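Analysis of the macromolecular model
Now for the letters of each chain:
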Amino acid sequence: MPFHQTTLPNGLQVIAELNDRAHSVAAGFFVKAGSRDESSEVAGVSHFLEHMTFKGTDRRNALAVNRDFDRVGAKHNAQTSEEDTFYHVTCLPEYLPTSFDVLSDILRPSLRDEDFETEKQVIVEEIRMYLDNPMSVAYEAAKTAHYGGHPLGNSILGTVESITAMTAPQMREYFDRRYSPANIVLAFAGKGVWQPLVELAEKHCGAWKGGPAPRQAVPAHGSRAFRAILRAEDQQQTVVGVADGPPLESADRYAAHLLATILGDHTGSRLYWALIDPGHADGAELSYQDYNQSGAFFTFLSCEPDSTRENLERVADVYRGLMSEGPTEEELVQAKNKVLARSVLRSERPMGRLASLGFHWMYHRAYISVEQELEAFGRVTSDDIRRLLADWPLWPMTIVSVGPTTEIHPPA
């Protein structure tokens, strides 16, 4: 599939992977603006701003934004993470001009005071909803405990206090700084023709203004702390563990994804057979998250409160066992089969390719085809996994326990 890239005079980078066999096209703006870019005074502003983009522009109110997407059957959404805010739309090729007109329009929102105050209450309610979820509470507390004052410990949603105190001028200042065209990648995937796509970008985005928006991405090193949070109303104990891992800039990220699959995939992994299949826990998973200049392995455990200590011992035994012996060839082959199948299945949809294209270009300035990605996973050996575990040990790790008991002590 042909790949194209150019940079508009204002600094907006435009990329596309085109596929004549596709029947749809996806477009997305990748803005390097996430919770790690926020100060404590505007904690949660990136996610809040994502909401505000759909509240209206100089050309459309909130109703018109949704109506104009809906009238051509376009699927649109946005999401905010520690690293980025991602706006995207998928539609039939003949409706891309209309859909892109709306998508690009909301990237220059009005940010009206009345909309700001209304949406503020929506965000506060969203935060309170997540505070009712034990896993969300444990995850946020684990990030805070692990990263301390590092920006990766920032909450994506912010707090009730930070959102309540935030002002519209603060949001506008953040928008002007972080939503500069030089800080955005525009990507297309699926059916299309390159030159008309460039013309579409120039027409709708060429007048955007703004200078560079550098990020001070300092590597993070976790604390390996332990914290127990009492939630007497919970029926289960929820535990989240965090261990440092390779950053997204590292080629070891491929081995890290395979390691997480071997140990903590939701089916057929070492944690599954050690904890879930025997009935010791109802949830036990490991995932790998690659960040700009940092990375992390997240362990998730949910079980009966009285079984928490024993289950943490089982988790420790599983991790120590792999750290000592490495994976079997059978485990590595199975993990590769899972990861490769998921990569191929995801890539068959333009939207699935869009996310990979945009994030790789934003952080690697590289086009990585599906074939190259599969080859990178295929090259990982058992020795690579062993070396990864020597460089990035999974145990000990930061542990946060949330639930009806605090009578828990992490294994030595």
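Read on for an overview of the structure. Quick caveat: nothing in here was measured; it's all calculated off a predicted structure.

About the thresholds
Residues numbered from 1 in each chain as written. Predicted model: local features only at pLDDT ≥ 70, side-chain atom pairs only at ≥ 80, totals over all residues. Heavy atoms only, no water. Buried < 20%, exposed > 50% of the residue type's maximum accessible area, 1.4 Å probe, protein only. Helix = DSSP H or I, 4+ residues; strand = E, 2+ residues; numbered from the N terminus. Pairing = 2+ DSSP bridges. Axes fitted to C-alpha atoms, helices over the stretch in contact; angles between N-to-C directions. Contact = heavy atoms within 4.5 Å. Patch = residues over 30% accessible without salt bridge, like charges linked within 9 Å, V, L, I, M, F, W, Y side chains within 5 Å. Areas by Shrake-Rupley, 256 points an atom, 1.4 Å probe, with all protein chains shown as cover. Salt bridge = Lys/Arg side-chain N within 4 Å of Asp/Glu carboxyl O. Lys, Arg positive; Asp, Glu negative; His and termini not counted. Charge placed at Lys NZ, Arg CZ, Asp CG, Glu CD. Parallel < 35°, antiparallel > 145°, perpendicular 65-115°, else oblique. Left-handed = near helix turned anticlockwise from the far one by under 90°. Arc of directions from axis to C-beta.

**Regarding the pairing of strand β2 (residues 13-18)**
- The element β2 is extensively covered by neighbouring structure, given that six of its six residues are classed as buried.
- Residues Gln13, Ile15 and Glu17 of β2 are buried on one face, and the alternating residues Val14, Ala16 and Leu18, pointing to the opposite face, are buried as well.
- With five bridges connecting them, strand β1 (residues 3-7) and β2 associate as antiparallel partners. Opposite glutamine 5, over in β2, you have isoleucine 15 as the bridge partner.
- Once β1 ends, the chain turns through five residues before running back antiparallel as β2, passing glycine 11 with a positive phi of about 100°.
- Pairing of β2 with strand β6 (residues 184-190) involves six bridges; the strand directions are parallel. When the sheet's bridge partners are listed, alanine 16 is paired in β6 with phenylalanine 188.

**So, the sheet that holds strand β7 (residues 226-230)**
- Read across the sheet, five strands follow the order β7-β11-β8-β10-β9 without closing on themselves; strand pairing throughout is mixed. Whereas interior strands pair on both sides, the edge strands pair on one side only; in this sheet they are β7 and β9 (283-291). Direction aside, the axes of adjacent strands within the sheet are offset by 15° on average.
- As defined by bridge partners, β7 adjoins strand β11 (residues 398-403) across five bridges and the pair is classed as parallel. In the sheet register, phenylalanine 226 faces β11, and the bridge partner there is isoleucine 399.
- Against the sheet, helix α9 (residues 253-264) engages β9 and β10 (294-303), with an angle of about 175° to β9.

**Quick look at a negative patch on the surface**
- A cluster of like negative charges, contributed by Asp282, Glu304, Asp306 and Glu310, occupies part of the molecular surface.
- Counting through the fold element by element, aspartate 282 comes out in the loop between α10 (270-276) and β9.

**Some remarks on the pattern of salt bridges**
- What the rule picks out here adds up to 29 salt bridges.
- When the shortest N-O distance is used, the salt bridge between aspartate 384 and arginine 387 registers 3.8 Å. Highlighted residues: aspartate 384 and arginine 387, both in helix α15 (residues 382-391), separated by three residues, approximately one helical turn.
- For aspartate 384, a relative accessible area of 22% corresponds to the partly exposed category.
- Each of Arg59, Arg60, Arg67, Asp68, Arg71, Asp101 and Asp105 takes part in one network of salt bridges that share partners.

**Quick notes on the packing of α9 against helix α11 (residues 308-325)**
- Running from amino to carboxyl end, α9 crosses α11 at an angle of 130°, the nearest separation of the two axes being 11 Å. In this view, α9 runs oblique relative to α11, as classed from their interaxial angle. Here the hand of the crossing between α9 and α11 comes out right-handed. Residues Leu259, Ile262 and Leu263 of α9 lie in contact with α11, whose contacting residues are Val318, Tyr319 and Leu322.

**Description of helix α14 (residues 370-378)**
- Taken as a whole, α14 has its buried residues at Val370, Glu373, Ala376 and Phe377. Looking down the long axis of α14, one finds its buried residues gathered within 125° of arc, a one-sided arrangement.
- Check the buried side of α14 and you find it contacts α9, α12 (329-347) and α13 (350-364).

Geometric values such as these leave the question of function open.
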